[in-house]
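Analysis of the macromolecular model
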Amino acid sequence: MMDKNKIYFFDTTLRDGEQVPGCQLNTVEKIQVAKALEGLGVDVIEAGFPISSPGDFNSVIEISKAVTWPTVCALTRAVEKDIDVAAEALKYAKRKRIHTGIGTSDSHIKYKFNSNREEIIERAVRAVKYARRYVDDVEFYAEDAGRTDNEYLARVVEAVIKAGATVVNIPDTTGYCLPEEYGAKIKYLIEHVDGVDNAILSTHCHNDLGMATANTMAGLLNGARQCEVTINGIGERAGNTAIEEIAMILRSHHDINLRSDLNTTRIYPLSRMVSSLMNMPVQPNKAIVGKNAFAHSSGIHQDGVLKNIGTYEIIDPHDVGIDDNSIVLTARSGRAALKYRLEVLGVSLEGEKLDKVYQEFLRMADKKKQINDDDLLILAGADRSANHHIKLDFLQVTTGVGVSPVASIGLDISGEKFEAAARGNGPVDAAINALKKIITKNMTLKEFTIQGVSKGSDDMCKVHTQIEYNKHNYYGFSANTDIVAASVEAYLDCINKFQQ
């Protein structure tokens, strides 16, 4: 018998989250995240949209092989070919789900499908029945349900449940709903859909107006029992509901009598892993996982926390995996300590790969007194640039107060050496100007972000860049203890992608 108070967590980091420009993962990285999600205890992993690309198809296959307990879900449109391909991609999954659906708002029906309400219901029912030929677990999404008339939405939901849908997803696709409005929509469906007890209603909320978490909670409090979420709230545009926020709301508010099976102590390491692999910085004031989430600068707050932590902290940092007593690695740490800490972070390395990362670790440890988890994740993903045909050979910058910065740079382009020098408004500008004397392509820097990893003067910094070239946007990333070097390497990371 189903536990009426259990909330099922459907994680779509690897599908909806990966649609963010510049955040694409390869299959090995997706498997790494999927295994970490399994360790967190999510109920469903949406592994991809198989018909969209060979890469997505292969990722769904490999994730299906890699995880044991979570249901592996594949997204489709309400199209038979999509469903055929999804079923093929899921063939190795121990627990499998096909997630199919169609737009139900009048806007989608008229402008996207050039159709009418009755025909949309027929297409929805047909898709669910077709998917049930392959799997017993079929989820239907009513795209733009947030702007769909409740009475018509109830007709759609009732029809797809009768057709065999086991889960019905009610997405606020544009992030438009107010919490009261979204909660009322779920309540209306619970009260007006015949047979609603035969399926689970699911929330899928976007954060365009900053209400994804509030809307998701409103849905759960009104009867939805699955929430669709992502790590760090990543996703298209302003993102999706953050899994860590819903998990800790449920853990903190015992009065609402809803529970999950998540091991919340895995949240922080997984947040760091996803941020590192996807090159997606976590804002310092991000709830639960931001650097400042448990920091107190106000004297009144500090005094209260010292006297009783409950005065200003409603969450114990240890409950989300922030351990003040975690192992600190230094240049004297051995391979075993490095291997163990990486495994805690969800990264398993053996043999030559471990040796290679260990050598890079020793080089970093010579520059830094202590190595933190973010540093380790950067090291574990550092082989991304190994196949670049344009590499930084050397970089020298002269700068100071009252002098114009000058940079000299050397590049290795497919084995051939090039050198140039240039001035700039600052050391980074000078280095990029020198680079552009060698790489003379007509490219425009669209975005440049520097993020410190921790707080020391010997800190690793991450640099994210976006360059427009030939009417396409390319995303680059690098990390280094030298800000100027990291900036140039991030720029080169973009340029190396021009021909891919």
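Cut-offs applied
- Residues numbered from 1 in each chain as written.
- Predicted model: local features only at pLDDT ≥ 70, side-chain atom pairs only at ≥ 80, totals over all residues.
- Heavy atoms only, no water.
- Salt bridge = Lys/Arg side-chain N within 4 Å of Asp/Glu carboxyl O.
- Helix = DSSP H or I, 4+ residues; strand = E, 2+ residues; numbered from the N terminus.
- Buried < 20%, exposed > 50% of the residue type's maximum accessible area, 1.4 Å probe, protein only.
- Pairing = 2+ DSSP bridges.
- Expected span 1.5 Å × (residues − 1).
- Arc of directions from axis to C-beta.
- Contact = heavy atoms within 4.5 Å.
- Right-handed = clockwise from strand over helix to strand, strands pointing away.
- Phe/Tyr/Trp six-rings, centres within 6.5 Å; stacked < 30°, edge-to-face > 60°.
- Lys NZ or Arg CZ within 6 Å of the ring centre and 35° of its normal.
- Core = buried A, V, L, I, M, F, W, Y, C linked by side-chain atoms within 4.5 Å.

The next subject is the pattern of salt bridges. Under the definition given, this model contains 29 salt bridges. One salt bridge connects lysine 30 with glutamate 18, and the closest N-O pair in it is separated by 3.3 Å. Of this pair, lysine 30 sits in helix H1 (residues 27–40) while glutamate 18 sits in the loop between strand E1 (8–11) and H1; the two residues are twelve residues apart in sequence, bridging distant segments of the chain. Assigned by exposure class, lysine 30 and glutamate 18 land together as buried. Residue lysine 286 is joined to glutamate 245 by a salt bridge in which the shortest nitrogen-to-oxygen separation is 2.6 Å. Of the two residues, lysine 286 sits in the loop between helix H10 (267–277) and helix H11 (299–307) while glutamate 245 sits in helix H9 (residues 243–252), which places them 41 residues apart along the sequence. Across the pair, glutamate 245 and lysine 286 agree in class, each one buried. One salt-bridge network, in which partners are shared between bridges, spans Lys6, Asp43, Arg259 and Asp261.

This part covers the pairing of strand E8 (residues 226–229). Of the two faces of E8, the one holding Gln226 and Glu228 and the one holding Cys227 and Val229 are both buried throughout. When E1 meets E8, the two strands line up parallel, connected through four bridges. Looking at E8, one finds that phenylalanine 10 is bridged to glutamate 228. With three bridges connecting them, strand E7 (residues 200–205) and E8 associate as parallel partners. Note on E8: the bridge partner recorded for serine 202 is glutamine 226.

What follows deals with helix H7 (residues 179–192). Its 14 residues give H7 an end-to-end C-alpha distance of 20 Å, which sits within 8% of 20 Å, the value for a rise of 1.5 Å per residue. Tyr182, Gly183, Lys185, Ile186 and Leu189 are the residues of H7 that are buried. Viewed along the axis of H7, the buried residues span an arc of 150°, placing them on a single side of the element. Those residues of H7 that are exposed and angled more than 90 degrees off the buried face are Glu180 and Glu191. Buried residues belonging to H7 abut helix H6 (150–163), strand E6 (167–172), E7 and helix H8 (212–221).

Burial within E7 is extensive, with six of its six residues counted as buried. A two-sided burial pattern is seen for E7, the buried positions comprising Ile200, Ser202 and His204 on one face and Leu201, Thr203 and Cys205 on the other. Relative to E7, E6 runs parallel, the two sharing six bridges. Among the inter-strand pairings, isoleucine 170 is bridged to a residue of E7, identified as threonine 203. Note that the unit made of E7, H8 and E8 has a crossover that is right-handed.

Let us look at the packing of aromatic side chains. Taken as a whole and assessed by the stated rule, the structure comprises four aromatic pairs. Taking the centre distance of 4.2 Å and the plane angle of 15° together, the rings of tyrosine 469 and phenylalanine 498 count as stacked. Here phenylalanine 498 lies in the segment after helix H16 (483–495) and tyrosine 469 lies in strand E13 (residues 461–469), a separation of 29 residues in the sequence. We classify phenylalanine 498 as buried; its relative accessible area is 7%. Judged by centre distance (4.8 Å) and plane angle (55°), the ring pair of tyrosine 474 and phenylalanine 498 falls under tilted. On the criterion of sequence distance, the pair formed by tyrosine 474 in strand E14 (residues 472–480) and phenylalanine 498 in the segment after H16 is long-range, its members being 24 residues apart. Both residues of the pair, tyrosine 474 and phenylalanine 498, belong to the buried class. Counting every residue linked through ring pairs, the aromatic cluster contains Tyr469, Tyr474 and Phe498. When the ring centre of tyrosine 8 is taken as reference, the NZ or CZ atom of lysine 6 above it lies at 4.7 Å. Residue placement shows lysine 65 over the ring face of tyrosine 92; its charged tip is 4.7 Å from the ring centre.

This brings us to unusual backbone geometry. Of note, aspartate 144 is a non-glycine position whose phi angle comes to about 65°, a positive value. A positive phi angle is found at isoleucine 288, which is not glycine, with a value near 75°. Within the secondary structure layout, isoleucine 288 lies in the loop between H10 and H11. Assessed through its relative accessible area of 10%, isoleucine 288 is described here as buried.

Turning our attention to the nonpolar core. Note on soluble globular proteins: their nonpolar side chains tend to be buried together. Membership of the largest hydrophobic core comes to 114 residues, with the highest contact counts inside it found for Phe9, Phe140, Val157, Val168, Ile170, Leu338 and Leu376. For this core, the leading source of residues is H6, giving nine residues. Dropping the residues within four chain positions of it, valine 157 is found in contact with Val168, Ile170, Leu189, Val193 and Leu201. By size, the runner-up hydrophobic cluster in this structure holds 26 residues, among which are Ile413, Ile438, Ile467 and Val484.

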